[in-house]
Amino acid sequence: MEHHGGVNKTPIISLDHVSKTYLSVHKTNEVVRDVSLDVQENEFVVLFGPGQCGKTTLINLIAGLQLPTSGEVKVDGKTVTAPGPDRGVVYQTTALFPFCTVMGNVEFGPKSRGVPKKQRRERAQYFIDLVGLQGFEKSFPNRLSGGMRQRVGIARAYANDPKVMLMDEPFGHLDAQTRYMMEEELEKIWQKEKRTVVFVTNNSEEAVYLADRIIILTNTPTRIKHEIKVDLPRPRVYSDPAFLEIRRQIEEICDDTL
Amino acid sequence: MNEYAIQKRKERIKFTIVSVISLCVFFGVWYVCTAVLHLKPDYVLPSPVQVVEAFIQKLTQTNPDGATLFGHIAASLQVALTGYLLGAIVGVPLGIAMAWFRRIDLFVTPLFDLIRPVPTIAWIPLMILWFGIGLGAKAAIIFVSAFVPCVINAYAGIKQTKPVHLWVAQTFGASRREMLFTVAIPTALPLIFTGLRISLGTAWMTLCAAEMLASNKGLGYMIQLNRSLARADLIVVAMLTIGLIGTIFTVGLNALEKKFVKGGRRG
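What counts and what doesn't
Numbering of residues begins from 1 in every chain and follows the order in which that chain's sequence is written. A letter from A marks each chain and a number from 1 marks each ligand, given out in the order of writing. Whole-chain, interface and lining totals are the exception, using all residues; otherwise, since this is a predicted model, local features are given only for residues with pLDDT of at least 70 and side-chain atom pairs are given and counted only at 80 or more. Hydrogens and waters are ignored; side-chain quantities use all the structure's heavy atoms. Helix and strand assignments come from DSSP, with helices taken as H or I runs of at least 4 residues and strands as E runs of at least 2, each series counted from the N terminus. The rule is simple: take the accessible area with a 1.4 Å probe, protein chains only, and divide by the maximum for that residue type; under 20% is buried, over 50% is exposed, in between is partly exposed. Polar contacts, as counted here, are pairs of nitrogen or oxygen atoms within 3.5 Å of one another; within protein the pair requires one atom able to donate a hydrogen and one able to accept it, and residues that are adjacent in sequence qualify only if both atoms are side-chain atoms. Whether two residues are in contact is decided by their heavy atoms: any pair within 4.5 Å suffices. Start and end positions for the domains come from either an automated domain assignment or a database one. Simply put, the buried area is the total loss of 1.4 Å probe accessible area from both parts when two parts are fitted together. By convention in these notes, a salt bridge is any Lys or Arg side-chain nitrogen within 4 Å of a carboxyl oxygen on Asp or Glu.

A.B. asks: Would you mind going over the side chain of Lys55(A) with me for this structure?
C.D. replies: Residue and element names in this part refer to chain A. Here Lys-55 lies in helix H1 (residues 55-63). We classify Lys-55 as buried; its relative accessible area is 1%. Reaching out from Lys-55, the side chain makes a polar contact with the backbone oxygen of Gly-49 at a distance of 3.0 Å. Sequence-distant contacts of Lys-55, defined by excluding residues within four places in its chain, comprise Leu-47, Gly-49, Pro-50, Glu-169, Val-200, Thr-201, Asn-202 and Leu-217.

A.B. asks: Would you explain the environment of Gly243(B) in this entry?
C.D. replies: Residues and elements named next belong to chain B. Within the secondary structure, Gly-243 sits in helix H10 (residues 232-260). By relative accessible area, which is 38% here, Gly-243 ends up partly exposed. Taking C-alpha positions, Gly-243 is 28 Å from Leu-126, a pair spaced 117 residues apart along the chain.

A.B. asks: Sorry, what's going on with the domain arrangement of chain A here?
C.D. replies: In many reports, interface size means the accessible area that the parts give up when they come together. Residues and elements named next belong to chain A. Assigned domains of chain A: these are domain 1 (1-86 + 163-258) and domain 2 (96-161). For domain 1 and domain 2, the distance between their C-alpha centres works out to 25 Å. For the pair domain 1 and domain 2, the two sides together bury roughly 1,400 Å², of which 66% comes from carbon and sulfur. Counting every contact that joins domain 1 to domain 2 gives 2 salt bridges. Put simply, Arg-195 and Asp-161 hold a salt bridge, and the shortest N to O gap is 3.2 Å. Linking domain 1 to domain 2 there are 4 residue pairs in polar contact (both at pLDDT 80 or more). If one sorts the elements of the side of domain 1 that touches domain 2 by residue count, helix H6 (residues 176-192) sits on top with 8 residues.

Listed below in structure tokens is the structure:
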């Protein structure tokens, strides 16, 4: 089936009135309140919100690492009850296995699923090349820069061939220059290997650069505050007036919260 | 790259020289105090020359303590390695199991915490009562001393596993068993090796204590017997042998660790 981006198509990710409350001995902590969201196939959705809001919780709910207190999360029509290989997650830099080489990290997923060695090597190599790390296959993460580590993280998620890529502030720890570079790189990779992406950030520039659609979240308990479609042609230019205008809109919407 | 290599090499030579000087100073001071100044009688503090002579004699002679140096070394190694290997084989998996399975943790930890503070030497009398003064008692004592650090470090190592790493493995479809073997144990490996190194050290040290109390062969026995014969030269020979073998163990384990622990001690 070809992708049309049509309105009536079944969404690949669907959050239906999802809430998440943590219980502890002394208090209940409501992190996510009644979030409903549909993401279409191969759409790049950015969840944008202030530092302490429940963005990571939302990612974990979609990944199946946590279950909603109420509501339902569906991926590809099936209710999410546990993590699965159809949803790849890219975390911040420290999530690489320090005891595995770059190759070991990238082929970890296929290996867990029992893909034969030759096949998974080829596949891993393809994505290592795609993120521009050829020649570093045998390096360990502690020899790589922050940007390179994150490339490995992206290749690792891709190599498992997930339907959905969940990215939790993957560039949050990088310096500004590396961050720009990685944003461009991710855009290129995504253009070449389209996947449905849910990307979390608190950087409006990053959001506008990457997103088809930006979901602006409130402080905890997190609700959806606003939604902005970004129709600018890719690759986008940070200094383009239209680009800046969208950033201004985002900031305006966020200021309202205060 | 080349210049860097040369610089590194120069540095290494410099460090080696410093280390050699340290040993030279030690033996020099010792020599001056004994052979030149005769600060103490020979049977209390022998000179290095006398020690070397005693060492050479001891390679072939069984007098006065009933075995050649190699005889004593073999006896000690047999005891130490038996106890140590048993301690490692039982201790490391137990530490891993305690850290990974909550029920085992809850079941074993109270007992372990009770036993842990008991000094190894306190086990000696009981072990002698149980096993006599042969290989069994000493190996059992070494076992206790080696076992404890192995458990503690393997436990701590597994507990170091970052939740995010387990999440990643989970999203890749790894089962809990696979997560133990592909994520938790590799994470724990550096600390497991630390445990193996520490316990080798304590095992080797405990051995001498055990042999001094109950034995008829071995380096600890050699020390004890030669004290009663006022043969300080042979005591020093035995002590230096113990030190040397301990060093060889450490170097060997370090090499092994380098081979097995990849990607540095920290991620």
